Amino acid sequence: MNLPPDSPRGTPVIDVQFDRPGRRYDAAAPLAVRCHVDGVDPDAVRAIELSVAWYTEGKGEEDLAVHAFERIVERDALRAALSDHAYETRLPPSPLTYEGVIVKIRWCVRVRIFFIGGRDYVSEHEFEMGRVPPARPPVIPEAAP
Amino acid sequence: MTTVRSPSMRPNPFATRHTRPGRVMPRDGTGRPLDVASLASRIRAPDAAAIEGPHGAGKSNLLAAIAGRLADAGALADTVRARARHDGSVVATAIVRARPGTILCVDGWESLGAVRAAVLRWMARRRGVGLIVTTHRPAGMPTLARCTTTAALLGRIVADLPDHGGLVTNADVEHAYAAHGGNLREALYDLYDRFERRARRC
């Protein structure tokens, strides 16, 4: 078990490697990731969930949808998944990643580790789907200051 | 939770994702952290208590934090949000479903109206369910906490948010606070807009 020196004791370090440079994907393209978890005792883990999801980020209410989901609970599979886990899915045609002003759409691979005793830890790893240019807000003079 | 951003994305630290109730550490008007555990332990079913304060003063945030503590202790019945009088039925259903001895958290109690609120409180007492509510005005129950705001508190909240890369200054924080009459929710939306404008110019 390796724990990076800048990581608080007991905090998992989750590394997700994407198969495309810059983590950029086309709509409806295949996505493949490899996931590696450091800094946890495998015997203290109850389950690992890996999901591919999109969510909105902005000023108002948030929205979220899970596109693909996998839950690992079997002990040997858990131990193997902590060391190195490969996951593949085909992305849907929409919604595309969007860098709006009031609302943004983000795609991510979310890894959630459930520990025995109830505690859990979530790590999100964003990627882009599609090539929608960022919104350009109207030029409004700023109020002071 | 940690988030690893895509290289070309610039997160806005003032987005709801980071500022919604339950995400911000509850603090008093001066910016000092509130003792949420102590507040949560003061209410025993079927008592009722209110978190009072004006719009955007942090009532919902404090309620979410207390609800989290109650949930950890197995004492939370549910958390419901009332937006209008007809949401009285939602609160009534939650009371009926609640296990006696647990506490129901209701956000927006004043929106139910005085008559419905009185009936719901009676129902909760009858069923042995405690209530913690948020309200803008006195609700005829003991006050658990009174939320107030200052520019210093807003500054402390901003300091707790993800890094804004220097795109928002202390003067921005003070101006946003004053421009929205101490409403922290609106002030944070204002800072969201300032950040967006400046980030896109960079």
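This text follows the structure it describes.
Residues numbered from 1 in each chain as written. Chains lettered and ligands numbered in written order. Predicted model: local features only at pLDDT ≥ 70, side-chain atom pairs only at ≥ 80, totals over all residues.

Both trends apply: most residues other than glycine have a negative phi, and most peptide bonds are in trans. Of note, the bond from S94 of chain A into P95 of chain A is cis; its omega dihedral lies within 30 degrees of zero at 0°. Considering the arrangement of structural elements, one finds P95 of chain A in the loop between β6 (85–90) and β7 (98–99). With an omega dihedral of 5°, the bond running from A45 of chain B to P46 of chain B counts as a cis peptide bond. Mapping P46 of chain B onto the fold places it in the loop between α2 (36–41) and β2 (48–52). One non-glycine residue, R23 of chain A, lies in the positive phi region at around 55°. Locating R23 of chain A in the fold gives a position in the loop between β1 (13–18) and β2 (24–25). When the 25 C-beta atoms within 10 Å are taken as the criterion, R23 of chain A is described as buried. The residue A28 of chain A is not glycine, and still its phi comes out positive at about 65°. (Helix = DSSP H or I, 4+ residues; strand = E, 2+ residues; numbered from the N terminus. Buried ≥ 20, exposed ≤ 12 C-beta atoms within 10 Å, placed from the backbone.)

Let us look at the packing of helix α6 (residues 151–160) of chain B against helix α7 (residues 170–179) of chain B. All names here are of chain B. Relative to each other, α6 and α7 sit at 130°, their axes nearing to 9 Å. In this view, α6 runs oblique relative to α7, as classed from their interaxial angle. Helix-helix and strand crossings are classified by hand; for α6 and α7 the assignment is right-handed. Residues A151, L154, G155 and V158 of α6 lie in contact with α7, whose contacting residues are N170, V173, E174 and Y177. A per-class count over the contact of α6 with α7 returns 5 nonpolar, 2 polar and 1 charged. (Axes fitted to C-alpha atoms, helices over the stretch in contact; angles between N-to-C directions. Parallel < 35°, antiparallel > 145°, perpendicular 65-115°, else oblique. Left-handed = near helix turned anticlockwise from the far one by under 90°. Contact = placed C-beta atoms within 7 Å. Nonpolar A, V, L, I, M, F, W, Y, C, P; charged D, E, K, R; others polar.)

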